[in-house]
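Chain by chain, the residues:
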Amino acid sequence: MARVLTYIAIAVLAVIVLGADYAPYVNLEVAPYIRRHTIIDPTTPKLDKGHMVDDYFSVEDLGQNTFAIGEPRYYQQNYAYLIIGEKRALLFDSSSGTRDVSPVIKSLTSLPVTVMVSHLHFDHLGGIIPFHHVAMIDLPQTRADMKDGLFTPKRYEYSGIADKRARPSFAIAEWLAPGRTIDLGGRVLTVLSTPGHTPTSASLYDPAAKRLFTGDYIYPTTLYAFSPGASMSAYHETAQRLLATMPADTILWTAHCCRKDGGILAPWLRMKDLRDLDDQMLRVKAGVVPYTGFYPRVYPVNDQMTLATGFPWNNP
Ligand SMILES: [Zn+2]
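Because the structure is predicted, anything quoted here is derived from the model rather than measured.

Peer 1: Sorry, what's going on with the coordination of the zinc ion here?
Peer 2: Six octahedrally arranged donors around a metal ideally form angles of 90 or 180 degrees; four tetrahedrally arranged donors ideally form angles of 109.5 degrees. Taken together, the protein ligands of the zinc ion are Asp123 (OD), His124 (NE2), Asp216 (OD) and His256 (NE2), with distances of 2.0 to 2.3 Å. Of note is the zinc ion, whose 4 donor atoms meet at the metal with angles of 90 to 170° in an arrangement that counts as irregular. One chain supplies every donor to the zinc ion, and in sequence these donors are spaced D-H-x91-D-x39-H. Of the two residues, His124 sits in helix 4 (residues 122-125) while Asp216 sits in the loop between strand 14 (211-215) and strand 15 (221-225), which places them 92 residues apart along the sequence.

Peer 1: Help me understand a nonpolar patch on the surface in this model?
Peer 2: Among the surface-exposed residues, Met1, Val4, Leu5 and Ile8 lie close enough to one another that they form a single nonpolar patch of about 430 Å² accessible area. Its location among the elements puts Met1 in the segment before helix 1 (2-21).

Peer 1: Is there a simple way to explain the sheet that holds strand 12 (residues 188-193) in this structure?
Peer 2: Two modes of strand pairing occur in sheets, parallel and antiparallel, and in both the strands are linked by backbone hydrogen bonds. Taken in spatial order, the 6 strands of this open sheet run 11-12-13-14-16-17, and their pairing is mixed. Across the chains shown, the open sheet's two edge strands, defined by having one partner strand only, are strand 11 (181-183) and strand 17 (268-270). Strand-to-strand twist in this sheet, taken as the mean axis angle between neighbours without regard to direction, amounts to 25°. The sheet contact formed by strand 11 and strand 12 spans 3 bridges and is antiparallel. Bridge pairing in strand 12 places Ile182 opposite Leu189. On top of the sheet, helix 8 (residues 271-285) reaches strand 16 (251-254) and strand 17; it is set at about 70° to strand 17, its chief contact.

Peer 1: How do you make sense of helix 7 (residues 232-245) when you look at a structure like this?
Peer 2: Since one α-helical turn is 3.6 residues long, residues separated by three or four positions face the same way. The end-to-end C-alpha separation of helix 7 is 20 Å, in line with the 20 Å expected for 14 residues at 1.5 Å each. Here helix 7 has its buried residues at Met232, Ala234, Tyr235, Thr238, Ala239, Leu242 and Leu243. In an axial view of helix 7, the angular spread of the buried residues amounts to 160°, which keeps them on one side of the axis. Set apart from the buried face of helix 7 by more than 90 degrees, the exposed residues are Glu237, Ala244 and Thr245. Considering only its buried residues, helix 7 is in contact with strand 12, strand 14, strand 15, helix 8 and strand 19 (305-309).

Peer 1: Got a minute to help me understand the packing of helix 7 against helix 8 in this structure?
Peer 2: Each pair of packed helices can be summarised by the angle the axes make with each other and by the distance between the axes. Close contact between helix 7 and helix 8 brings their axes to 10 Å; oriented N to C, the two are set at 140°. As judged from the angle between their axes, helix 7 and helix 8 are oblique. Pair helix 7 / helix 8 crosses with left-handed handedness. Residues Met232, Tyr235, His236, Ala239, Gln240, Leu242 and Leu243 of helix 7 form the contact with helix 8, whose participating residues are Met271, Leu274, Arg275, Leu277, Asp278, Met281, Leu282 and Val284. Tallied by class, the residues present in the contact of helix 7 with helix 8 amount to 11 nonpolar, 2 polar and 2 charged.

Peer 1: Honestly, the packing of aromatic side chains in this entry has me stumped. Any pointers?
Peer 2: Each aromatic ring pair is described using two quantities: the centre-to-centre distance and the angle formed by the ring planes. Applying the stated criterion across every chain yields a total of 12 aromatic pairs. Taken together, a centroid distance of 5.2 Å and an interplanar angle of 50° make the contact between Tyr81 and Phe213 tilted. Here Tyr81, found in strand 4 (residues 79-84), pairs with Phe213, found in strand 14; they are 132 residues apart in sequence, far enough to count as distant. Like Tyr81, the residue Phe213 is buried in the burial classification. Members of the aromatic cluster, joined through ring pairs, are Tyr224, Phe226, Phe294, Tyr295 and Phe311. It is Arg143 that lies over the ring of Trp175; its NZ or CZ is 4.2 Å from the centre. Against the face of Tyr156 rests Arg155, its NZ or CZ located 5.9 Å from the ring centre.

Peer 1: I'm lost on the nonpolar core in this one. Help?
Peer 2: One broad trend across soluble globular proteins is that nonpolar side chains are buried collectively. Counting 32 residues, the largest nonpolar core has Ile69, Leu82, Leu91, Ile105, Met136 and Phe170 as the members making the most contacts within it. For this core, the element with the most residues is strand 4, which contributes 3 residues. With residues up to four places along the chain from it excluded, the contact list for Met136 reads Val117, Leu120, Thr142, Phe151, Phe170, Ile172, Glu174, Trp175 and Leu176. By size, the runner-up hydrophobic cluster in this structure holds 26 residues, among which are Leu192, Leu212, Met232 and Leu243.

Peer 1: Help me understand the side chain of Arg259, please; the structure alone is not making it clear to me.
Peer 2: For Arg259, the position within the fold is in the loop between strand 16 and strand 17. Side-chain polar atoms of Arg259 contact the backbone oxygen of Trp268, separated by 2.7 Å. Not counting residues within four places of it along the chain, the set of residues in contact with Arg259 comprises Pro220, Trp268, Leu269 and Gln304.

Peer 1: Hey, could you run me through helix 8 in this one?
Peer 2: Helix length check: helix 8 (15 residues) gives 21 Å between terminal C-alpha atoms against 21 Å at 1.5 Å per residue, within 8%. The inward-facing, buried residues of helix 8 abut strand 15, helix 7, strand 16, strand 17, strand 18 (297-300) and strand 19. Backbone geometry just after helix 8 places Gly287 at a positive phi near 75°.

Calculation rules
- Residues numbered from 1 in each chain as written.
- Predicted model: local features only at pLDDT ≥ 70, side-chain atom pairs only at ≥ 80, totals over all residues.
- Heavy atoms only, no water.
- Donors = N, O, S within 2.8 Å, 3.2 Å for Na, K, Ca; no water.
- Tetrahedral: all angles 85-135°; square planar, octahedral: opposite > 155°, others 65-115°.
- Helix = DSSP H or I, 4+ residues; strand = E, 2+ residues; numbered from the N terminus.
- Patch = residues over 30% accessible without salt bridge, like charges linked within 9 Å, V, L, I, M, F, W, Y side chains within 5 Å.
- Areas by Shrake-Rupley, 256 points an atom, 1.4 Å probe, with all protein chains shown as cover.
- Salt bridge = Lys/Arg side-chain N within 4 Å of Asp/Glu carboxyl O.
- Pairing = 2+ DSSP bridges.
- Axes fitted to C-alpha atoms, helices over the stretch in contact; angles between N-to-C directions.
- Contact = heavy atoms within 4.5 Å.
- Expected span 1.5 Å × (residues − 1).
- Buried < 20%, exposed > 50% of the residue type's maximum accessible area, 1.4 Å probe, protein only.
- Arc of directions from axis to C-beta.
- Parallel < 35°, antiparallel > 145°, perpendicular 65-115°, else oblique.
- Left-handed = near helix turned anticlockwise from the far one by under 90°.
- Nonpolar A, V, L, I, M, F, W, Y, C, P; charged D, E, K, R; others polar.
- Phe/Tyr/Trp six-rings, centres within 6.5 Å; stacked < 30°, edge-to-face > 60°.
- Lys NZ or Arg CZ within 6 Å of the ring centre and 35° of its normal.
- Core = buried A, V, L, I, M, F, W, Y, C linked by side-chain atoms within 4.5 Å.
- Polar contact = N/O pair within 3.5 Å; in protein donor to acceptor, adjacent residues only side chain to side chain.

Function cannot be read off these values alone, since they describe shape.
What follows is the structure, encoded as structure tokens:
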């Protein structure tokens with residue numbers, strides 16, 4: 001009897017240790033079963049800025065030939081950005097693919113459109129298939145996703161399991177190394193590697209407009225620094241680099257709605273918010289900030305953001 005109890009105790013301990021170590025993956029795999037959610041809100045949202053298209057997308061003119069294209073009814077409330085030059089346009093994030101965004105893009109520009117995603121999660125890459133000129137950040141991890149001329153994100157890179165979405169496969173027309181510029185004609189954007197949320201996350205800098213398009217590195221509401229591949233040390237290093245190199249009056253245009261002090265509109269933040277995040281990450285690392293929840297742990301950051309992390313040992 002004592003031996004059986006010992007085996008059971010060892011087995012329980014092993015499950016706890018493995019579960020804690022693989023928490024980002026376990027959490028993602030079980031999420032669809034324990035966190036049920038409506039994918040599309042049945043009601044039409046009341047936008048604070050811009051207008052609705054097809055009762056699904058929101059289009060907001062940010063000035064300087066730049067548009068925010070939102071999915072305010074989609075439960076993740078994603079925002080993509082269309083940046084238009086004289087010769088070509090760049091769509092940063094392809095939207096979630098819950099509805100086809102390509103007719104909306106065609107209604108805004110007749111120029112050739114290049115699509116680049118901020119990262120490979122399903123809610124940013126899911127709408128890629130209608131587009132034929134895709135640019136990808138050039139990193140060893142993204143190059144490793146090529147097979148027979150097609151790019152397919154890995155299971156956890158895409159993380160479509162959350163909504164039972166199949167991974168897309170598509171051709172890459174341009175590889176853009178971090179630091180490379182994209183000339184749209186009359187305006188030049190710079191590709192930045194901004195790991196933290198995922199290892200291959202990218203941001204786009206528009207120096208003339210003093211805009212940084214950040215993807216999911218930072219946005220109002222709750223930052224996901226606990227999903228597979230997320231890294232607190234990468235978050236911190238990226239924050240340090242951006243704080244050292246971006247002008248203090250840069251506006252951050254982010255990929256998930258909404259600000260606490262605004263209604264439904266393209267979600268923006270300031271460099272001050274990035275500073276607040278970085279300061280708080282240092283305090284989190286020092287273990288001096290109280291958190292709520294078990295997994296993820298949620299820490300307050302400022303009036304716009306909270307930070308959700310894993311356990312310290314699997315979220316280095
Ligand atoms: Zn996202």
